[in-house]
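# Observations on the three-dimensional arrangement
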Amino acid sequence: MKDNDNLTIERPTFVTHLECAMEGDHYPADQVHNLSKAGKPLLVRYDLPGVKKALSKDALAQRPADMWRYRELLPVRKCADIVSLGEVMTPLIRLPKLGKKLGGGEIIVKDEGRLPTGSFKARGLVMAVSMAKALGIKHMAMPTNGNAGAALAAYASRADIKTTIFCPEDTPEVNVSEIALQGATVYRVNGLIDDCGKIVGEGKAKVGWFDTSTLKEPYRIEGKKTMGLELAEQLGWQVPDAIFYPTGGGTGLIGMWKAFAELEAIGFIGKKRPRMIAVQAAGCAPMVKAFEAGEEHAPRWENAHTIAAGIRVPQAIGDFLILRAVRESGGFAIAVSDEAISAALDEMAREEGFLLCPEGAATYAAYKQSLSDGRVKRTDQVVLFNCASGLKYPLPPARRTLDRHKPIDFTTL
Ligand SMILES: Cc1ncc(COP(=O)(O)O)c(C=O)c1O
């Protein structure tokens, strides 16, 4: 086995068509698409009996440990179109100390901060850009809260595709800088991510760029789906009892739900599903409100605010898919305060030496909240998603200094 086998060995591919997630009508594969005629997301469909014949667990086990090992369940047809920066399988980090402190359950963090550009947005955007390359798209545009824009910029530059990105004006400086440095044109906009999305939508006709917004193009979800494929494989083709997912646009949650269905169809896992738990911030919780009201759609959340910028998404086009997955799985949607997010981040860093991103910290805060209100059992095996490296975020200063020219009182150190 060579390190780049997944990027160089052609494999059979099985995409049959795309399907409207709401109406179920079909669209041809291998053509440029955004939304369906009904204005809803398109999902990629595969010849799963064909995949079942072509792929075995043993064959997979022989392949290098990156997300391209699942080629038979991915849309990219030819190796030449894969625009990779090394999308490694991300590790599962067990937290025995905190598990013990909280009373027993197995807590596992899937650490997505190890991916290129430091976040799980790499999974979705490497797929979107690889498909854009395959389909001859020359200019991509996108609204972003930061991490997605960074990933699009990186992959699109690598593929010689022009990129224009719009982010809310208070997007962390590090994100805006990395987007610009990685070759995109980036604008701060005085609004939120959906306001940026409107600009991208308008420019589609006027400039001719491709709208790469979450779920408005069909392939980011296929990339994010690999989180579910990977997780099941890493747990020995088992799924955990519950997954806590920081939910903005919800691509990852919807993607993992799709992954589990596909894995069952090819005989790799059984009927068991994890409870999918959508974690939002109390200052922007449209899914929680809709979940609790028993609604199928989530209206826009006004005056959205939270320190977890990645989940500050007032309205999601895939709302009905998020809510459907959460309900079908027997899960729930939960909101956590910014104070609880900060406390969770602090606790994890001090006790486990694990610097989460705020969105990842929200999942730990939500887990603790769910334990105390009894919605999750102490014996449950839970997976929390840390979706970006904590190092990408502004950190509090550490202020202790020592004057080496003066005598040091070691009793105080
Ligand atoms: C760090 C982080 N966590 C979570 C999310 C939300 O992801 P999704 O759109 O899959 O719900 C984002 C999206 O910007 C993010 O950057």
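For the structure itself, consult the block above.
Model, not experiment: these values are computed from the prediction.

What counts, and at which threshold
Residues numbered from 1 in each chain as written. Predicted model: local features only at pLDDT ≥ 70, side-chain atom pairs only at ≥ 80, totals over all residues. Heavy atoms only, no water. Core = buried A, V, L, I, M, F, W, Y, C linked by side-chain atoms within 4.5 Å. Buried < 20%, exposed > 50% of the residue type's maximum accessible area, 1.4 Å probe, protein only. Helix = DSSP H or I, 4+ residues; strand = E, 2+ residues; numbered from the N terminus. Contact = heavy atoms within 4.5 Å. 1 Å grid on protein atoms, 1.4 Å probe; cavity = no way out; pocket = protein on both sides within 12 Å on 5 of 7 lines; lining within 4 Å. Points joined across faces, edges and corners; volume = space filled by probe spheres on them. Nonpolar A, V, L, I, M, F, W, Y, C, P; charged D, E, K, R; others polar. Near = heavy atom within 4 Å. Polar contact = N/O pair within 3.5 Å; in protein donor to acceptor, adjacent residues only side chain to side chain. Areas by Shrake-Rupley, 256 points an atom, 1.4 Å probe, with all protein chains shown as cover. Sits in = over half its atoms within 2 Å of the grid points.

The biggest cluster of nonpolar side chains holds 129 residues, and the ones touching the most others in it are Val 129, Ile 243, Phe 244, Leu 263 and Tyr 367. The biggest single contributor to this core is helix H5 (residues 121-135), with 8 residues. Each residue touching Phe 244, except ones within four places of it in the same chain, is listed here: Ile 277, Val 279, Thr 363, Ala 366, Tyr 367, Ser 370, Val 376, Val 382, Val 383, Leu 384 and Phe 385.

Looking now at the layout of surface pockets. Its boundaries defined by the atoms lining it, the largest pocket holds a volume of some 680 Å³. Surrounding the largest pocket, 39 residues form its lining, Ile 193, Thr 214, Gly 249, Val 313 and Gln 315 being those nearest its centre. Those elements that place two or more of their residues in the lining of the largest pocket are strand E6 (139-143), helix H6 (147-158), helix H8 (193-207), helix H9 (220-224), strand E10 (242-246) and helix H11 (251-265). In terms of residue count, the dominant contributor to the lining of the largest pocket is H8 (4 residues). Looking at the lining of the largest pocket residue by residue, the classes come out as 17 nonpolar, 15 polar and 7 charged. In this model, the second largest pocket occupies a volume close to 320 Å³. What lines the second largest pocket is a set of 17 residues, among which Leu 43, Arg 45, Trp 257, Lys 258 and Ala 261 lie closest to the centre. At the level of elements, strand E3 (42-46), H11 and helix H13 (319-328) are the ones that each hand at least two residues to the lining of the second largest pocket. The element that contributes the greatest number of residues to the lining of the second largest pocket is H11, accounting for 6 residues. Class assignment of the residues belonging to the lining of the second largest pocket gives a composition of 11 nonpolar, no polar and 6 charged.

Let us look at the site of the ligand. Around the ligand there are 18 residues in total, and Lys 121, Lys 224, Tyr 245, Gly 248 and Gly 250 lie nearest to it. Lys 121 places a polar side-chain atom, nitrogen or oxygen, 3.3 Å from an oxygen atom of the ligand. Between the ligand and Gly 250, the relevant distance is 2.6 Å, taken from an oxygen atom to a main-chain nitrogen or oxygen of the residue. Burial of the ligand by the protein chains amounts to 96% of its free accessible area of 400 Å². Judged by the fraction of its atoms near the pocket grid, the ligand is located in the largest pocket. Those elements that place two or more of their residues in the shell around the ligand are E10 and H11.

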